[in-house]
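# Understanding the architecture of this molecule
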Number of protein chains: 2
Amino acid sequence: MAHKPRSEMIAETRRKLVTAARRAFGTVGYADASMDDFTAEAGLTRGALYHHFGDKRGLLEAVIAEIDAEMNTRLCAISAKAGNRWQGFVDECLAYVEMALEPEIQRIVLRDGPAVLGDPSTWPTQNACIGSLTESLRRFADEGTIVAADPEALARLLNGAMLHASLWIANVPDPEATSKKAVQALRTFLDGLLTENRGSR
Amino acid sequence: MAHKPRSEMIAETRRKLVTAARRAFGTVGYADASMDDFTAEAGLTRGALYHHFGDKRGLLEAVIAEIDAEMNTRLCAISAKAGNRWQGFVDECLAYVEMALEPEIQRIVLRDGPAVLGDPSTWPTQNACIGSLTESLRRFADEGTIVAADPEALARLLNGAMLHASLWIANVPDPEATSKKAVQALRTFLDGLLTENRGSR
DNA sequence: TCATTCACATACGCCGCGTATGTGAATGGC
DNA sequence: GCCATTCACATACGCGGCGTATGTGAATGA
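Cut-offs applied
Residues numbered from 1 in each chain as written. Chains lettered and ligands numbered in written order. Predicted model: local features only at pLDDT ≥ 70, side-chain atom pairs only at ≥ 80, totals over all residues. Heavy atoms only, no water. UniProt positions renumbered as here; feature names shortened; annotations may be inferred. Helix = DSSP H or I, 4+ residues; strand = E, 2+ residues; numbered from the N terminus. Salt bridge = Lys/Arg side-chain N within 4 Å of Asp/Glu carboxyl O. Contact = heavy atoms within 4.5 Å. Buried area = accessible area lost by both parts, 1.4 Å probe. Polar contact = N/O pair within 3.5 Å; in protein donor to acceptor, adjacent residues only side chain to side chain. Nonpolar A, V, L, I, M, F, W, Y, C, P; charged D, E, K, R; others polar.

Bringing the UniProt feature "domain: HTH tetR-type" (unreviewed entry) in chain A into the picture now. As annotated by UniProt and renumbered to match this structure, "domain: HTH tetR-type" (unreviewed entry) occupies residues 11-71 of chain A. Regarding residues 11-71 of chain A, the helix share stands at 80% and the strand share at 0%, and the terminal C-alpha atoms are separated by 22 Å.

Rendered as structure tokens:
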């Protein structure tokens, strides 16, 4: 039984570390996750962690990058299967709110991430989600579907609104009912952007 | 020279601790703020801190409560001086975005707060800001100024949008220009809520 | 085959937190 | 006005987590 080549072993080590850290960060949170503990859980030591990721922070970045990539994939799949583009956009927004309800995403990406790494808009990875939002809005604005405004600014506002809606929903006694109200309100906001709903001005 | 009564000394101690902690949290951040350091800076020790606030977390709560109260006062003053109520509401929203640009507010309330204390919607204090937003929206909905939707949900979404706009503005190379774009986009969202701007539906 | 690189493990010291304990000053009843 | 009690803090101790410096064995390449 020949050993795997070195490059594969390295990749496997990185994946083990990211996976173990992801579980730890997602459950007890970044601050309370002991590097000794979750590296041991992965059958490794802190030495491997420092070698590959520099420090705890670097590992968090890698974990977030992974989660963000998954989120982006899921969102693209959703918007792709809609009838028309605006509907796809709306679906994507609603799906984003639902995704942000997942404890792992909420804890790592929405709470600990900003605290440790700073504002998400400065993350290289966050461009994935924000970027596609912006691009969609730009096209809608260009073709007159929505009112004219800076697409990136609209995207940021929308993103913040959705994100906070998720935090709110997840921390309320009755998430089901609250979710309905939030989705309804989000639709209201989005409808307000459509030129066909605007009368004067 | 008679000493001050004990109750005043206690209040003074608490204020000293809160003030010192507020400065430390606002500059180096919660995680990197050494309790030994900033209690010493206040001429005290960690003993006083644990006696009054239980732990570091409790002190953060006190600091946030103080900042939140100040924010609410400032916001009320702004909305009070506007011509009509809707204009006052819009002014308040824009002022909120600007306030959230202040480094101390951003770091303590918007970044470290959620990470350490959990979602702001679960803080007893946050009701100050969210509560007044909700109340305003409820009245606008009742009198038909804005479209019908759950006021609290709208308030949460709005709050999230404004908050993220601030984070975005503060972390961009050119805050001035970005601020203009964000404010413009925020107006777009708010205008979209007005029934007088809605045609069909 | 041997020197080199490199992926990790091991070992050490420091710092920060929480707690248990000590102390002196202010209170309150007689 | 004296004394017991409370209480607001300070001091002392131990523990765990992080970062770094150093060691080691296996894979590479000439």
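There is more to say after this.
Further remarks concern the pattern of salt bridges. When charged atoms on two side chains of opposite charge get close, those side chains can pair. All names here are of chain B. Considering all chains together, one arrives at 24 salt bridges over all chains under this definition. Across the pair Arg15 and Glu66 runs a salt bridge whose closest N-O atoms are separated by 3.7 Å. On the criterion of sequence distance, the pair formed by Arg15 in helix H1 (residues 6-28) and Glu66 in helix H4 (residues 56-80) is long-range, its members being 51 residues apart. Taking the shortest distance from any N to any O, the salt bridge between Arg23 and Glu41 comes out at 3.0 Å.

On to the interface of chain A and chain B, then. At the junction of the two partners, chain A supplies 43 residues and chain B supplies 43 residues. In this assembly, chain A packs against chain B so that about 3,800 Å² is buried in total across both faces, 64% of it on carbon and sulfur atoms. Of all residues in chain A, Leu157, Trp168 and Phe189 of chain A bury the most surface against chain B, accounting for 20% of the area lost on that side. Among the salt bridges present, the one from Asp150 of chain A reaches Lys181 of chain B, with a minimum N-O distance of 4.0 Å. Scanning the region where chain A abuts chain B turns up two residue pairs in polar contact (both at pLDDT 80 or more). Where the side of chain A that touches chain B is concerned, the elements lending two or more residues are helix H6 (103-117), helix H8 (151-170) and helix H9 (175-193) of chain A. Examining the composition of the side of chain A that touches chain B, we find that 15 residues originate from one element, H8 of chain A, more than from any other. Tallied by class, residues from the side of chain A that touches chain B come to 19 nonpolar, 12 polar and 12 charged.

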